[in-house]
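Structural characterization, general
Below, each chain spelled out in residue letters.
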Amino acid sequence: MVMAMKNTLKNLLILTSAFALTGCGPKEADDGKLKVYASCYPVYDFLKQIGGENIHAYMLPTPGLEPHEYEPTARDLTKLMDADAFFANGLGMEKWLNKLDGDMASSDAEKIKKKTTYLGDNLGELKMSVDGVVDPHAWLSTVCADLYGKYIYEKLSDLDKENAEIYKANYEAVNRKMETLTNDLKEGVKEITNKKLVVSHAAFGYFANQFGFEQIYLSGLASEEVTVRDVERVINEIKENDIKTVYAEELDGSDALDRIQQETGVAIKVLNPIETLTKEDMDKGEDYYSIMRKNLATLKEGDLK
C-alpha cells in the first residue's frame, strides 16, 4: 500500500502539469464564491451547512469511498491547488497529505498545505486514542462535531469577511441542531441497559465516551487484521457481560464475526460511522443528524434482542 502510494504520487506532478497545460482541469463554478473542499462526509456536511449559498462545497474523496485509504488522483490535486480552502479531519486520517513532500514539486505541495485546516488537531484534551493510536473519528462525539462547525465558521469568516455574519448565523443554527441531537441521544441511551458496546472496529470511542458506553472492539485502529486471540477475547466479554449484539460497520460476513455469532448467539447489527455516506444516501436526505439518530435506534434494538 505504501509503495503504491509513493508510485502514484511520484506521477502526480507530471499529470497535474498536463491538466494545467491542456485545460483539462476540473470544471467548477467561477462566480467569485469560495471553492472549498472537505476530506470526508461529516466535514463536508458541516461545511455545507455553515457555508450555505456563499460557497461551493466539494468533497474528496468521492462520496462512499473510504477516506482512510484514499489516494488522490492528479485531477484531485489540481482541484485542491485551485481551491480557496481545504478542511481535513486530521488526527491521522489523511495520511496522503503527509506524503506530498518529495513526491510533488515543493511549491505545489506547500500550496496545498497552506490551504489545509486540520479540524481534529485543534481538539486538545478531547482527542482520544486506542492502544496508543490517535482515533480520527471525533465527529461521532457531538461535542467535537460542534467544535468542527465552530472552526469551519471561523476559517470561512477569515477568508470571506464580507459574509462573516452569515457564516456566524449558520454556525449558530448548527449549534442549536447539535444541542437538540445531543439531548435526544442522552435521553435515548437511558433506555439501553447494557452499556458494553461491542464493535467490529474501534471507531466509536468518542461516541462511547460521551454517552456512557464502554467500547469493546474486535480490531483496533492500527490494523484491520483480527487474530484468534482477539476473537476469543470478545467471546469472553460477551459471555461474561450477557451481551446480546455485536455491531459491525458493514455486514461483511467475516469469519471472525461468524465464529463469534456461532459461539455466543449474538445478533450482528450495523452502526454507521458516517464517514463513507454515499451519494445515494445523500440524495435520500440522509445527513449527520439522521444517521446519528439511526445509530441510536440500532443500539436500542440491539439491547432488546
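Reading the values: rules and limits
- Residues numbered from 1 in each chain as written.
- Predicted model: local features only at pLDDT ≥ 70, side-chain atom pairs only at ≥ 80, totals over all residues.
- Heavy atoms only, no water.
- Helix = DSSP H or I, 4+ residues; strand = E, 2+ residues; numbered from the N terminus.
- Expected span 1.5 Å × (residues − 1).
- Buried < 20%, exposed > 50% of the residue type's maximum accessible area, 1.4 Å probe, protein only.
- Arc of directions from axis to C-beta.
- Contact = heavy atoms within 4.5 Å.
- Axes fitted to C-alpha atoms, helices over the stretch in contact; angles between N-to-C directions.
- Parallel < 35°, antiparallel > 145°, perpendicular 65-115°, else oblique.
- Nonpolar A, V, L, I, M, F, W, Y, C, P; charged D, E, K, R; others polar.
- 1 Å grid on protein atoms, 1.4 Å probe; cavity = no way out; pocket = protein on both sides within 12 Å on 5 of 7 lines; lining within 4 Å.
- Points joined across faces, edges and corners; volume = space filled by probe spheres on them.
- Right-handed = clockwise from strand over helix to strand, strands pointing away.
- Pairing = 2+ DSSP bridges.

1. Some words on helix α10 (residues 228–241)
- With 14 residues, α10 extends 20 Å between its outermost C-alpha atoms, agreeing within 8% with the 20 Å of an ideal straight helix rising 1.5 Å per residue.
- D230, V231, V234, I235 and I238 are the residues of α10 that are buried. Around the axis of α10, the buried residues are gathered within 130° of arc, so they sit on the same side. In α10, the exposed positions angled more than 90 degrees off the buried face are occupied by V228, R229, K239 and E240.
- Those residues of α10 that are buried lie in contact with β7 (196–201), β8 (214–219), β9 (245–248) and α11 (255–264).
- Positive backbone phi, approximately 50°, marks D242, located one or two places after α10.

2. A few points about the packing of helix α8 (residues 164–189) against helix α13 (residues 288–304)
- Where α8 meets α13, the closest approach of the two axes is 10 Å, and the angle between their N-to-C directions is 0°. Comparing the axis directions of α8 and α13 gives the class roughly parallel. Packed against α8, whose contacting residues are V174, K177, M178, T180, L181, D184, L185, G188 and V189, the element α13 presents Y288, Y289, M292, R293, L296 and K300 at the interface.
- Of the residues that constitute the contact of α8 with α13, the class distribution is 9 nonpolar, 2 polar and 4 charged.

3. Looking at empty space enclosed by the protein
- Across all of its chains, the model carries 3 cavities of 30 Å³ or more by this definition.
- Forming the boundary of the largest cavity are 13 residues, of which N194, K196, Y247, G302 and D303 lie nearest the centre.
- Broken down by secondary-structure element, the contributors of at least two residues to the lining of the largest cavity are β7, β9 and α13.
- With 3 residues, α13 is the largest single contributor of residues to the lining of the largest cavity.
- Class assignment for the residues of the lining of the largest cavity results in 6 nonpolar, 3 polar and 4 charged.

4. Description of unusual backbone geometry
- Along the chain, L60 connects to P61 via a cis peptide bond; the corresponding omega equals 0°.
- Residue placement: P61 occurs in the loop between β2 (55–59) and α4 (74–82).
- Positive phi outside glycine occurs at L91, with the angle close to 55°.
- Within the element layout of this structure, L91 appears in the loop between β3 (85–88) and α5 (95–98).
- The exposure class assigned to L91 is buried, which follows from its relative accessible area of 6%.

5. Brief notes about the pairing of strand β1 (residues 34–38)
- Within β1, 5 of the 5 residues are buried, leaving the element largely enclosed by the surrounding structure.
- Because side chains alternate across β1, one face comprises the buried residues L34, V36 and A38, and the other comprises K35 and Y37, equally buried.
- In this fold, the crossover linking β1 to β2 by way of helix α3 (residues 41–51) has right-handed handedness.
- In the sheet, β1 pairs with β3 via 3 bridges, with the strands oriented parallel. The residue of β3 that forms the bridge with V36 is A85.

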